[in-house]
Amino acid sequence: MANNLGLKVKPVTETPQSEIDRVSAWINTDDYKEKNFARTSLVINPAHACQPLGAELAAHAFEGSLPFVHGSQGCASYYRSTLNRHFREPAPAVSDAMTEDGAVFGGQNNLHEALENAYTLYKPKMIAVFTSCMPEIIGDDLTAFIKNARNKGIVPKDFPVPYANTPSFNGSHVHGYDSMLLSILQTLTDGKQVEGRCTGKLNLIPGFDANTGNYREYKRILEAFGIPYTVLADISDVFDSVNDGTYRPYPGGTKLDDAADSINGKATIALGTYSTSKTFSWVKDNYSGKHAALPMPFGIAKTDAFLMKIAELFGKEVPASLKEERGRAVDLMTDAHQYIHGKKFAVYGDPDYLLGYVSFLLEMGAKPHHILCSKGTKKLEKELQALLDASPDGKESKIYINKDLWHLRSLLMTDPVDAIIGDSHGKFDARDAKIPLFRFGFPVFDRVNLHREPLVGYQGVTHMLSTICNKFIDIVDDTCDDRHFELMR
Amino acid sequence: MSHEIKTVEGITKESTQEMIDHALDAYPEKAKKKRSPHLAPNDQASGSACVKSNKKTVPGVMSARGCAYAGAKGVVWGPIRDMVHVSHGPVGCGWYSWGTRRNLMSGITGVTNFAMQFTSDFQEKDVVYGGDKKLAVLLREAKELFPLAKGISVLSECPVGLIGDDINAVAKESSKELDMPIIPCNCEGFRGVSQSLGHHISNDTIRDYIIETREFPDPIGPYDIALIGEYNIGGDAWSTKPLLEECGFNVKSVWTGDGEMEKIAATHQVKLNVIHCYRSMNYMCKVMEEKYGIPWIELNFFGPTKIKESLRKLAELFDDNIKAKVEEVIAKYDPQMQAVIEQYKPRLEGKKVMLYVGGLRPRHTINAYEDLGMTCVGSGYEFAHTDDYDRTAPEMPDATVVYDDASEFEMEHFANVLKPDLIGSGIKEKYLFQKMGIPFRQMHSWDYSGPYHGYKGFPTFARDIDMAINSPTWKLVKSPF
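Once a new chain begins, its residue numbering starts again from 1 and follows that chain's sequence as written. Starting at A for chains and at 1 for ligands, labels are handed out in the order in which the entities are written. Given that this is a predicted model, residues contribute local features only at a pLDDT of at least 70 and side-chain atom pairs are listed and counted only at 80 or more, while totals for whole chains, interfaces and linings are drawn from all residues. To get the side-chain values, take all heavy atoms of the structure and skip hydrogens and water.

In this structure, what is going on with the sheet that holds strand β8 (residues 250-256) of chain B? I would like to understand it.
Note on sheets: strands pair through backbone hydrogen bonds, and any given pair is parallel or antiparallel. Residues and elements named next belong to chain B. Ordered by their spatial adjacency, four strands build an open sheet running β8-β7-β9-β10, and the pairing between neighbours is parallel. Of all the strands in the sheet, the pair left with one neighbour each is β8 and β10 (296-298). For this sheet, the mean angle separating the axes of adjacent strands, direction not counted, is 25°. Following DSSP output, two strands are said to pair if at least two bridges run between them. We count a stretch as a helix when DSSP gives it H or I for four or more residues in a row; a strand needs E for two or more, and each element gets its number in order from the N terminus. With four bridges joining them, strand β7 (residues 224-230) and strand β9 (residues 272-275) adopt parallel strand pairing. Along β9, the bridge assignment pairs Ile-225 with Leu-272. Every residue pair with non-hydrogen atoms within 4.5 Å of one another is taken to be in contact. Here an angle of 0 to 180 degrees is reported between the N-to-C directions of two axes, which are lines fitted to C-alpha atoms, with helices fitted over the stretch in contact. Against the sheet, helix α10 (residues 237-246) engages β7 and β8, with an angle of about 155° to β7.

What follows is the structure, encoded as structure tokens:
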């Protein structure tokens with residue numbers, strides 16, 4: 001039966017060293033780059049995952065919420081282990097384990113059985129359902145399935161079961177996050193709007209962000225303002241929970257009541273306009289109070305804008321403590337600028353983070369030379385270009401939308417830079433190019449605790465700046481000859 | 001083989017059954033009925049499975065299982081270093097399985113090895129109009145950009161099978177056009193009940209497309225063997241292959257850790273197949289036995305007792321030359337292993353371990369823990385079949401709990417009752433148990449350590465187990481206030 005391809009039987013061969021040397025050299029050339037960029041169909045080392053992964057992150061971020069994958073169980077295992085590896089934390093989630101017969105009969109039986117089992121065993125306060133490929137292809141009707149589940153008494157009538165269609169063959173994890181968050185908010189706020197009621201709170205929508213330090217930073221800023229707030233949705237506590245000898249499947253998350261009442265908020269700010277666009281456009285039309293969408297507060301100017309927006313919405317001054325914090329961050333920037341000024345960077349990542357990296361680097365006088373997004377839009381390209389146009393350090397930068405990390409390798413080998421900002425997957429490119437990789441993005445599988453170091457706000461500026469400058473100084477110390485090995489740097 | 005009946009103080013068939021019954025009480029009636037046959041006390045003397053296995057996962061219980069694609073890409077195909085493995089379908093599956101199994105590889109990435117993420121990144125239009133044309137184009141692109149690749153595997157993700165694409169036809173045509181093996185593998189994640197079917201489908205694909213398409217240039221000698229079901233996790237094959245070579249064998253190919261496609265394709269010429277992970281590769285061993293008359297032997301390279309037993313079992317099949325060499329090797333390493341045991345056993349004596357893994361480890365590692373003075377108080381598999389549980393029964397102490405496709409709820413319950421000193425399982429379980437204050441090692445990935453196989457692996461294994469159990473950090477879990 002062997003040899004179904006009808007190929008000629010050949011001897012086992014060893015690839016000649018000369019060929020290995022030739023190809024090793026060739027993959028670093030302009031000729032190779034040209035062929036590499038001519039690809040139309042093969043994607044190599046993409047820097048994005050699929051929608052349901054993001055949906056799971058949103059689903060974890062509410063009190064007592066159990067993420068629920070409608071689809072194959074293997075999908076759920078992949079999302080869970082990705083979050084486990086990044087946060088080094090539990091990520092309890094279930095799937096309804098659809099198999100071949102689901103493809104024939106649809107997934108309703110699986111969904112109902114799974115809802116009953118998950119509800120009974122894991123005692124959640126909410127089950128957040130999202131889909132992987134199979135039900136999306138066969139066209140399962142989640143609305144009907146969940147309605148039928150309630151009618152059959154599988155879950156109580158008032159038990160929240162938000163659900164989102166998150167097809168993996170469309171968009172990326174940030175879009176799945178957006179869809180799941182939207183559905184959760186729609187579900188929880190349904191019928192909760194009270195004419196004339198105002199909670200006096202700010203609703204903060206951070207967007208897809210797997211850095212728990214950032215959430216703590218937002219909360220600290222709002223506490224400094226003395227403004228009551230609800231974070232929609234809060235993954236801190238969920239993904240940086242304590243170890244005191246007790247396992248808690250739901251260690252934190254936005255309170256369901258707070259989320260429900262968020263529709264009566266005084267104001268709502270959505271950060272990360274690319275991972276909250278659907279949610280924000282719905283919020284704008286349905287939530288009370290004022291609304292604003294801002295880029296993530298990376299760097300000084302974007303943090304300033306964030307704080308001023310809060311001040312404006314709540315009629316308050318920016319607190320003195322934050323103004324001092326700004327001053328300290330700027331002081332560090334001026335002190336350390338010489339270690340980063342003029343350095344060229346390759347940056348890649350999710351759209352919202354990417355905009356943040358570019359702003360920060362330009363503020364430091366560094367050059368974001370190669371800017372790459374493996375799932376982006378024309379709108380993103382324009383927004384990035386506008387940032388670049390506003391700075392003399394952006395003149396030579398180039399933006400690559402929908403290119404992958406194998407494209408990035410060609411860029412690094414033919415037009416070298418000093419460092420990369422990205423996630424752990426960039427380590428292969430960084431090694432080949434012999435330059436450092438700064439793991440500010442998601443996921444980080446190969447360093448500990450980086451997801452707890454904030455990147456946003458003035459504290460984020462300090463953290464990024466120190467990390468980058470000290471690495472460049474390390475390189476000088478590690479590579480200089482003895483005569484230039486000095487005490488001071 | 002008769003085994004001495006091992007017992008654990010305080011564990012009886014009744015106590016174990018009571019623990020199981022308590023766990024099952026929490027389930028709704030239908031789920032309880034489904035889960036019940038998958039949990040049972042071990043009957044060591046029977047030497048046969050005490051649980052049902054390889055059945056559909058109960059929806060909603062939080063299973064640790066993966067899918068057929070995971071078994072194909074992650075386990076069988078992914079480790080073959082000189083092929084381009086295309087995850088055909090949406091971007092996620094390939095991204096999640098990119099670099100997350102720790103099957104290490106020799107060679108230069110992008111030149112002679114392809115430890116990368118290749119995908120057709122299906123979009124809506126590919127689902128609507130089909131992805132066959134895109135596949136044909138991307139295969140050309142792969143050939144052009146990676147000219148030293150020895151072949152390409154096309155691993156289907158769920159949508160491909162559901163929309164009725166014909167990757168087999170594309171592979172056949174492209175294979176001729178590009179004059180290279182392009183192997184279609186219909187391993188969509190919805191097939192079967194776990195990653196296990198992915199192994200089987202991949203074995204069948206090797207049978208249908210790869211084996212017998214190459215021949216070794218040199219004449220085959222009496223000691224030419226293949227090492228099957230060794231995936232080089234954390235460098236395991238770089239311990240076991242040299243060990244077998246030290247014993248006088250020529251290891252002509254490794255399936256598939258740090259594997260080379262052409263050598264795998266010529267494996268029909270070897271004299272014996274030595275299999276480590278029976279679950280994932282027994283199929284091809286049986287095919288090679290039936291078709292080419294190649295005998296196979298299942299060995300265990302974990303811990304000095306089993307390694308010694310295995311090497312002697314292997315030597316029995318060969319002449320005095322090999323027998324003498326094997327004894328020399330054992331004599332060389334025995335004192336080194338004894339020194340490891342003397343270092344760690346006093347720190348680990350009497351400690352209890354619970355295992356929940358895949359493949360072969362829930363049974364193969366038990367004795368390695370016993371070499372260190374530890375006792376296994378529970379074991380189970382994500383995706384095993386009856387023949388795996390048959391092989392497990394004699395290794396586990398009598399009356400200890402066996403769990404098949406355990407849910408997180410069950411594992412948590414068993415750990416609460418058994419209070420193990422260590423749990424060896426996967427990344428999804430790790431942090432749950434650590435939050436309970438229970439030391440943990442990932443036993444799929446060796447927790448970013450390794451190798452654990454062979455004599456080279458045991459000192460690392462012993463060090464890691466000691467480090468996990470005796471880390472002073474566990475004493476800080478309870479605050480004094």
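I tried to follow the sheet that holds strand β13 (residues 401-404) of chain B on my own but got confused; where do I start?
Residues and elements named next belong to chain B. With mixed pairing, six strands are arranged side by side in an open sheet as β1-β13-β12-β11-β14-β15. Only two strands of the sheet have a single partner each, and these edge strands are β1 (39-41) and β15 (440-442). Each strand of the sheet is rotated relative to its neighbour by a mean of 15°, with strand direction disregarded. Of the pairings in the sheet, the one linking β1 to β13 comprises three bridges and is antiparallel in character.

Whenever I open this one, the domain arrangement of chain B confuses me. Can you help?
How big an interface is tends to be stated in terms of the accessible area lost upon association of its parts. Boundaries of every domain are those given by an automatic assignment or by a domain database. Examined at the domain level, chain B breaks down into domain 1 (13-62 + 349-448), domain 2 (68-192) and domain 3 (224-327). Of note, the centres of domain 1 of chain B and domain 2 of chain B, computed from C-alpha atoms alone, are 34 Å apart.

For this particular structure, what's the right way to read the interface of chain B and chain A?
The interface is formed by 103 residues belonging to chain B together with 93 residues belonging to chain A. Counting the surface lost from both chain B and chain A, the interface buries some 8,500 Å², and carbon and sulfur atoms represent 61% of this. A per-residue breakdown of the area chain B buries against chain A is headed by B:Trp95, B:Tyr96 and B:Lys435, which together make up 11% of the total. The rule for a salt bridge is simple: a side-chain nitrogen of Lys or Arg has to be within 4 Å of a carboxyl oxygen of Asp or Glu. Remark: the boundary between chain B and chain A carries eight salt bridges. Across the salt bridge formed by B:Lys435 and A:Glu89, the nearest N and O atoms sit 3.0 Å from each other. The definition of a polar contact used here is a pair of N or O atoms within 3.5 Å, where within protein one atom must be able to donate a hydrogen and the other to accept one, and adjacent residues in sequence count solely through side-chain atom pairs. At the junction of chain B with chain A, the criterion picks out 36 residue pairs in polar contact (both at pLDDT 80 or more). Looking at the side of chain B that touches chain A, the element that brings in the most residues is helix α6 (residues 132-145) of chain B, giving seven residues. A class-by-class count of the residues in the side of chain B that touches chain A yields 55 nonpolar, 21 polar and 27 charged. Of the strand pairs in this sheet, strand β1 (residues 10-11) of chain A and strand β6 (residues 214-215) of chain B are connected by two bridges, and their pairing is parallel. Defined in terms of a 1.4 Å probe, buried area is the accessible area two parts forfeit on being brought together, summed over both. Residue classes follow a fixed rule: Ala, Val, Leu, Ile, Met, Phe, Trp, Tyr, Cys and Pro count as nonpolar, while Asp, Glu, Lys and Arg count as charged, and any other residue, Gly among them, counts as polar.

What should I look at first to understand the environment of A:Tyr348 in this one?
Residues and elements named next belong to chain A. By secondary structure assignment, the location of Tyr-348 is in strand β11 (residues 344-348). The contact partners of Tyr-348, leaving out residues within four places of it in the chain, are Ala-47, Leu-354, Tyr-357, Leu-372, Leu-405, Leu-408, Ile-420, Ile-421, Gly-422, Asp-423, His-425 and Gly-426. One polar contact links the side chain of Tyr-348 to the main-chain amide nitrogen of Gly-426, over a distance of 2.9 Å.

Would you mind showing me how to read the pattern of salt bridges here?
A side chain of one charge can pair with a side chain of the opposite charge if their charged atoms are brought near each other. Using the criterion set out here, one finds 64 salt bridges over all chains in the structure. Its salt-bridge partner being A:Asp101, residue B:Lys56 comes within 2.5 Å of it at the nearest N-O pair. You can see B:Lys56 sitting in the loop between β1 and α3 (68-77) and its partner A:Asp101 sitting in helix α5 (residues 100-105), one on each of two chains. Only protein chains enter the accessibility calculation, which uses a 1.4 Å probe; a residue whose area is less than 20% of its type maximum is buried, one above 50% is exposed, and one in between is partly exposed. Taking relative accessible area as the criterion, B:Lys56 reaches 48% and is therefore assigned partly exposed. With a relative accessible area of 28%, A:Asp101 lands in the partly exposed category.

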